[in-house]
Amino acid sequence: MIGVATVLAVVIVLFLILRGLQDGRIQNEAQRRQQIAIFLQEAADLRAEGHPREALMRYQQVLKLDGENEEALAGIGDLLDSPLIEAPAIVVTPTPGLPTATPTALNAPDAIWADAQALYNAGRWADAIARLLQIRAADSTFQPARVEEMLYTAYVSLGSEKSNGGSLEEAVNLFDKALALRPNATDTRAMRDVTAQYVDALTYWFADWPKVIALLETLDQSNPGYRDVRHRLQDAHLEYGDSLARQNDWCNAAEQYAAAIEVQNGPGLIDKQSQAQILCETAPTPSPADGTVDGTVDGTVDRTPGSSTGTPQPGLASPPSAPVAGGLGVGRILYSAQNPDDGRERIFSQPVTASVKPVVVVEDAAEPDLRSDGQRLVFRSMRGDQRGLGSFDLASGLRLRFTNYSEDVLPSWNSEGNRITFSSNREGDRRWRVYVAWADGNDTGTELGFGQDPEWHPIADRIVFRGCDDQGNRCGLWIMNSGGGDRQPLTTVPGDSRPTWSPDGGSVIFMSQERDSNWDIYRVDVATGAVVRMTTNPAIDGTPSVSPDGSRIAFLSNRSGEWKLWVKPIAGGPEQPLAGLGGDVGDWMNQKLQWVR
């Protein structure tokens, strides 16, 4: 027995050693990829600021870490062709098995112009745009009318390609650049506006059905036959009708089913509308969805999903953290707002002290999420040249680009601070999917399946998100691991959205309009599935976040007639206004709050 025990102990030790080595290799690889992303971003910034020599040095440092890095090789090639530097100053470290770029003589604008024309005539619009902008930067007097004409056509053509390929937000951005050159181009403005309106309709999908329907109806009237607008419009009426039916609002549900039939009749629609109309005439007053009842003034009464007794649930009268006396708490709340003068989005940090004004953290950014060590902020980039997800290092001020898709939204860090999860409708079918990606600027993300609004657990490998089962049923909030497996339903109301964990992971706070026909904040116990309604004001209460000590929630509300940050004890008690915003809220559905230390 002693011999067997000894062998077993040796095996365990060897396993732990090998596991440690593997973890070390993974960590080193993540650090290498992150350093490459930093060098590439610094090179891009240096080029934009007019420092090509320093940019070349950064590209050379990238090649030392990754001898086949395509972005660095392309950057070096562009700079070698650029008239802004002399070729002899460039030294590229050769890589075994890889051809090394050969320095060329200084190119005159005429040579770049020849390249631009060739690329333009070949329909390589993105490359042509890069060359034309290079000419403009080098010599603004070089055939300005012709350069502008070609730029305009290239922007419009590339925008049309992006639109046809399903990259609609990129298309809108390109159309905007074309219109900056020719503001009175009515055809281009019409293409831009119809594309933007379609994007808006898909953005509000599941979040605001009346707005989705209004946008699609306007689009269908002004541009009949555009994409799949009529199919989407029928689906929107059906989804809205189903949402109303789940709230037992049968009369309005019947109206939506009738509207769906008017767009285009389909199998079973007439029966569905007839049944809703019968229930409209015979059913009692609507009751809340999913068995949830309004809480008391302190939000502590609930009934489990599907029950009808309204019995208070043990363990929900007081959440894990003890009730807090008065006050707003401590820490900072991160949010974004638009500058009313220039329309730029800024991320603000609002101290949890009503008398202190917010400070700007980073420009051209929204939907903030701060890493647990407080050193790096991930966000949705609103910069025209860096659309996608980005990050900002608070110590160095370095800004990195994580993903390249403008449709990527609502990023959230994992507990280790080396990966993020986010949602995107970047694919051609425009359906929302959940992704995870390494936070090193070199990973477009791994798809985990359909869903929205993912939020990583503060201490475990669990992600809460808004989604459905594999058949598209049982929609609500779900939990899965970072590989997309071990999926478990948490709530059963499709309108539940924007979930956020409590610090101990014992509960999830979320917002919903579908439960009580009003945007309010709710809390669900992860272990039991029991739900508490936390706010009952008839105004909009949304985008919740939990304080680091788990004692309070912050949320956005227009209950005072203007948008403000509000705070409420999680154990119950009155809501208190914290502060107004540092700018315009814009579309409140695109906001994200985070309460940090």
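Structure: above.
Here's a quick rundown of the structure. (Residues numbered from 1 in each chain as written. Predicted model: local features only at pLDDT ≥ 70, side-chain atom pairs only at ≥ 80, totals over all residues. Heavy atoms only, no water.)

**Side note on the overall build of the chain**
Secondary structure assignment for the chain yields 12 helices and 24 strands. Counting all 597 residues of the chain, 48% fall into the buried class. In the chain, of all internal contacts separated by at least 6 residues, the share reaching a separation of at least 24 is 45%. (Helix = DSSP H or I, 4+ residues; strand = E, 2+ residues; numbered from the N terminus. Buried < 20%, exposed > 50% of the residue type's maximum accessible area, 1.4 Å probe, protein only. Contact = heavy atoms within 4.5 Å.)

**So, the nonpolar core**
Judged by nonpolar contacts, the single largest core of 60 residues is most densely connected at L216, I333, I553, L565, L578 and W588. At 7 residues, helix 10 (residues 229–246) tops the list of elements feeding residues into this core. Other than its neighbours up to four places away in sequence, I333 contacts F348, S349, Q350, V352, A554, L565, L578, L593, Q594 and W595. Within the second largest apolar cluster, 23 residues are counted, among which are W113, A116, L151 and A185. (Core = buried A, V, L, I, M, F, W, Y, C linked by side-chain atoms within 4.5 Å.)

**Considering the pairing of strand 13 (residues 463–467)**
Summarising burial for strand 13: 5 of the 5 residues are buried, a large majority. The sheet contact formed by strand 12 (residues 452–456) and strand 13 spans 3 bridges and is antiparallel. When the sheet's bridge partners are listed, E455 is paired in strand 13 with V464. Between strand 12 and strand 13, which pair antiparallel one after the other, the connecting turn spans 6 residues. (Pairing = 2+ DSSP bridges.)

**Here's the deal with the pairing of strand 16 (residues 497–501)**
In terms of residue burial, strand 16 counts as a mostly covered element, since 5 of its 5 residues are buried. Direction of pairing for strand 16 relative to strand 17 (residues 507–512): antiparallel, over a ladder of 3 bridges. Paired with T500 across the bridge in strand 17 is I509. Counting the residues that bridge the hairpin from strand 16 to strand 17 gives 5 residues, and of these G505 lies at a positive phi of roughly 75°.

**Focus: helix 10**
Since the α-helix advances by 3.6 residues per turn, residues separated by three or four positions end up pointing in the same direction. If you check helix 10, its first and last C-alpha atoms are 25 Å apart, about what 18 residues at 1.5 Å a residue would give, namely 26 Å. Residues of helix 10 that are buried: V229, R232, L233, Q234, A236, H237, L238, Y240, G241, S243, L244 and A245. In this structure, the buried residues of helix 10 make contact with helix 8 (186–203), helix 9 (209–222), helix 11 (250–263) and helix 12 (269–282). Looking one or two residues beyond helix 10, the residue adopting positive phi is N248, at roughly 60°. (Expected span 1.5 Å × (residues − 1).)

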